[in-house]
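Structural description and commentary
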Amino acid sequence: MLGKYIRKKNRLSPAQIMVIGFAMIILIGAILLNTPMATNSGEQVGFINALFTSTSAVCVTGLVVVDTGTYWTLFGKVVIITLIQVGGLGFMSMATLFAILVRKKIYLHQRLLIQEALNQYDLSGLVRLTRHILIGTFIIEGIGAIILSSVFVPQMGFAKGIGYGVFHAISAFCNAGFDLMGNFSSLTSYVDNITVNIVIMMLIILGGLGFPVMFDVMKKRKFSKLNLHSKIVISISSFLILFGFILFFAIEYSNPDTLGGLSFKGKVLGALFQSVTTRTAGFNTIDLAAMKDSSKFLTVIFMFIGGSPASTAGGIKTTTIGVLFLSVIAFIRGKEDVEAFGRRISYTVVNKSLGVIAIGVSIVVVLTMSLSLTDTKFQFIHILFEAVSAYGTVGLSIFGSPNLTTIGKILIALSMFAGRVGALTILFAISNRKKKSVIRYPEEKVMVG
């Protein structure tokens, strides 16, 4: 009886298991990618480079130190896409899939882990939700792979075209941004291809909305009937895509190195794709280095915001920025409650949003300052771009991750890990908080503003 009690008290918290689980998957991936059979040259890529690539894949970021399409063998590419799928869905979702397949009972502790992984508030229906997530993911990725293959097969042949279709469908839905096109070109050769652009963008958007939102939309169909979370996610996401498209289109319209030399159709597709992909996807169809500084800074802002909770995307999340905006509106109007769509948002959510933003800004500031010391040959805007891209698990890069110093690569890898697992989750895992304070101190005024 005593031994059982001790084991129960020493059990790791869900946050700790999340952090350790992702770290173990990254380590396994790094070991596999550092084998000679993973590279076309037959030589080891080096543990730091393997660790960086594995972290980028598991954290569905897309930053790379070697060209994915030409450097890795089929084995290496399979390892990478497997890491992307596991990282995109979350290792607990994959563990649940295995438990379902072998008909293993899922106990309370496993349900708590799923709750932490999916960022849900209660335990009811978690296994059913996970099952729907897995089925929905494979269906969406399958449809995307079939449509993309219809473009790639005529160009590359049947086997290679199918492989490229599957790889890019998974990478897009998981918001990873890894590609096989070679020479770090991403999807620039398809800038005016309607099929590739539309399919990739739809996969990115669906993956970034979050599974609870997709299921809520499929179940209720009408916007007015959706829950508050879904309404905020859809509203903020739609606004950001439209706002980003208008600004990118206006700023880069006459830039001969980006949209300037394209047809009107190409300009529209290029601007729209850029607006979508900056939200943590990592693909690009125009030369990022050739963009104007205003477009680069706009991209930094979008990358920091990212996608939505319980999705494959990173960033501080659309709902976080939405709650902050609503809080400011409530303050300006002199209201005590933060409201949206006829509902009140609790101050617990408001405080969490402020915490997420503060931690995110702090990490980006520290990372940017550190990179400015370790990688002095790059411009500040490019260092900031790389830092936010890593923390937002986006994968877009201007000066190129291969040019980072060893220390720079380690810093970026740590930032990708924090961005994917969640800075709050890591802090909770370290602090292992167990009890809420029962002491309330006297209130006193503080001047701010």
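Reading guide: rules and limits
Residues numbered from 1 in each chain as written. Predicted model: local features only at pLDDT ≥ 70, side-chain atom pairs only at ≥ 80, totals over all residues. Heavy atoms only, no water. Helix = DSSP H or I, 4+ residues; strand = E, 2+ residues; numbered from the N terminus. Buried < 20%, exposed > 50% of the residue type's maximum accessible area, 1.4 Å probe, protein only. Contact = heavy atoms within 4.5 Å. Expected span 1.5 Å × (residues − 1). Phe/Tyr/Trp six-rings, centres within 6.5 Å; stacked < 30°, edge-to-face > 60°. Lys NZ or Arg CZ within 6 Å of the ring centre and 35° of its normal. Salt bridge = Lys/Arg side-chain N within 4 Å of Asp/Glu carboxyl O. Patch = residues over 30% accessible without salt bridge, like charges linked within 9 Å, V, L, I, M, F, W, Y side chains within 5 Å. Areas by Shrake-Rupley, 256 points an atom, 1.4 Å probe, with all protein chains shown as cover. Axes fitted to C-alpha atoms, helices over the stretch in contact; angles between N-to-C directions. Parallel < 35°, antiparallel > 145°, perpendicular 65-115°, else oblique. Left-handed = near helix turned anticlockwise from the far one by under 90°. Nonpolar A, V, L, I, M, F, W, Y, C, P; charged D, E, K, R; others polar. pLDDT = per-residue confidence, 0-100.

This part takes up the overall build of the chain. Along the chain, the regular secondary structure elements total 19 helices and two strands. For the chain, with 449 residues in total, the buried portion stands at 53%. For the chain, the share of sequence-separated contacts (at least 6 apart) that also reach a separation of at least 24 residues comes to 70%.

Taking 1.5 Å of rise per residue, the 12 residues of helix H3 (residues 47-58) would be expected to cover 16 Å, and the 16 Å separating its terminal C-alpha atoms lies within 8% of that figure. Judged by how many residues are buried, H3 sits mostly within the fold: nine of 12 residues are covered. Within H3, the full set of buried residues consists of Asn49, Ala50, Phe52, Thr53, Ser54, Thr55, Ser56, Ala57 and Val58.

Scanning all chains against the criterion turns up 11 aromatic pairs. Pairing Phe152 with Tyr164 gives two aromatic rings, centres 6.3 Å apart and planes at 75 degrees, and the pair type is edge-to-face. Of this pair, Phe152 sits in helix H8 (residues 126-156) while Tyr164 is found in helix H9 (residues 158-173), placing the two residues 12 residues apart along the sequence. Its relative accessible area of 1% is what places Phe152 among the buried residues. Joined through ring pairs, the aromatic side chains of Phe245, Phe249, Tyr253 and Phe264 make up one cluster. The side chain of Lys267 reaches across the aromatic face of Tyr253, ending 4.4 Å from its centre.

On to the pattern of salt bridges. Applying the stated criterion to the full structure yields three salt bridges. The residue Lys296 makes a salt bridge to Asp293 at a minimum N-O spacing of 4.0 Å. You can see Lys296 and its partner Asp293 sitting in helix H14 (residues 293-305), three residues apart, about one turn around the helix. Notably, a salt bridge pairs Glu339 with Lys335, separated by 3.4 Å at the nearest N-O pair. In this structure Glu339 comes out as partly exposed when scored by relative accessible area, which is 41%.

Over its 16 residues, H9 runs 22 Å from end to end, which matches the ideal 22 Å to within 8%, given 1.5 Å per residue. Burial in H9 covers these residues: Gly161, Tyr164, Gly165, Phe167, His168, Ala169, Ile170, Ser171, Ala172 and Phe173. In the stretch just after H9, Asn175 is the one whose phi turns positive, near 55 degrees.

Moving on, we come to a nonpolar patch on the surface. A cluster of nonpolar side chains, namely Ile20, Met24, Leu27, Ile31, Phe47, Ile48, Ile410 and Leu414, defines an oily patch on the protein surface of about 690 Å² accessible area. Residue assignment for the nonpolar patch shows that the elements contributing at least two residues are helix H2 (14-33), H3 and helix H18 (406-421). Broken down by element, the nonpolar patch gets its largest block of residues, four residues, from H2. Take Phe47: it is sitting in helix H3.

Following both chains from N to C, one finds helix H10 (residues 194-209) and helix H13 (residues 264-277) inclined at 20 degrees, their axes separated by 10 Å at the closest point. As the angle between them shows, H10 and H13 are arranged roughly parallel. In this structure, the crossing between H10 and H13 has a hand that is left-handed. Judged by residue contacts, Ile194, Asn197, Ile200, Met201, Ile204 and Ile205 of H10 engage Lys265, Leu269, Leu272, Phe273 and Val276 from H13. Of the residues contributing to the contact of H10 with H13, the split by class is nine nonpolar, one polar and one charged.

It is worth spelling out the packing of helix H17 (residues 380-391) against H18 at this point. Between H17 and H18, the least distance of the axes is 7 Å, while the angle of their chain directions is 40 degrees. On the basis of the axis angle, H17 is oblique to H18. Side by side, H17 and H18 meet where Glu386, Ala387, Ala390 and Tyr391 of the first sit next to Ile412, Ser415, Met416, Ala418 and Gly419 of the second. The residue makeup of the contact of H17 with H18, split by class, is six nonpolar, two polar and one charged.

It is worth spelling out the confidence of the model for the chain at this point. Looking at the chain, pLDDT values average 85 and 84% of them are 70 or higher. Under a pLDDT of 50 for its full length, residues 1-10 has, in the predicted model, one contact with residues more than four places off or in other chains.

Before going further, it helps to examine unusual backbone geometry. The backbone phi angle of Ser186 is positive, close to 55 degrees, even though this residue is not glycine. With respect to the secondary-structure elements, Ser186 resides in the loop between H9 and H10. With a phi close to 70 degrees, Arg221 is a non-glycine residue in the positive phi region. Tracing the chain through its elements places Arg221 in the loop between helix H11 (211-220) and helix H12 (228-252). Residue classification places Arg221 among the exposed residues on the basis of a relative accessible area of 71%.

On to the side chain of Thr61. Residue position: Thr61 is located in the loop between H3 and helix H4 (68-71). According to the relative accessible area criterion, Thr61 is buried, its value standing at 0%. Those residues in contact with Thr61 that sit more than four places away from it in its chain are Ser56, Ala176, Ala281, Ser389, Ala390, Thr393, Val394, Gly395 and Met416.

For the rest of this paragraph, the subject is the environment of Val323. The residue Val323 is located in helix H15 (residues 318-332) in this model. Spatially, the C-alpha atom of Val323 lies 9.1 Å from that of Glu339, the residues being 16 residues apart in sequence. The contacts of Val323, once residues within four sequence positions are left out, are Val338, Ile345, Val349, Val350 and Ser353.

Moving on: the environment of Gly322. Along the chain, the position of Gly322 falls in helix H15. With a relative accessible area of 3%, Gly322 lands in the buried category. The sequence separation of Gly322 and Ser353 amounts to 31 residues, and the corresponding C-alpha distance is 9.1 Å.

Note that Thr320 resides in helix H15. Assessed through its relative accessible area of 8%, Thr320 is described here as buried. With residues up to four places along the chain from it excluded, the contact list for Thr320 reads Ser353, Val356 and Ile357.

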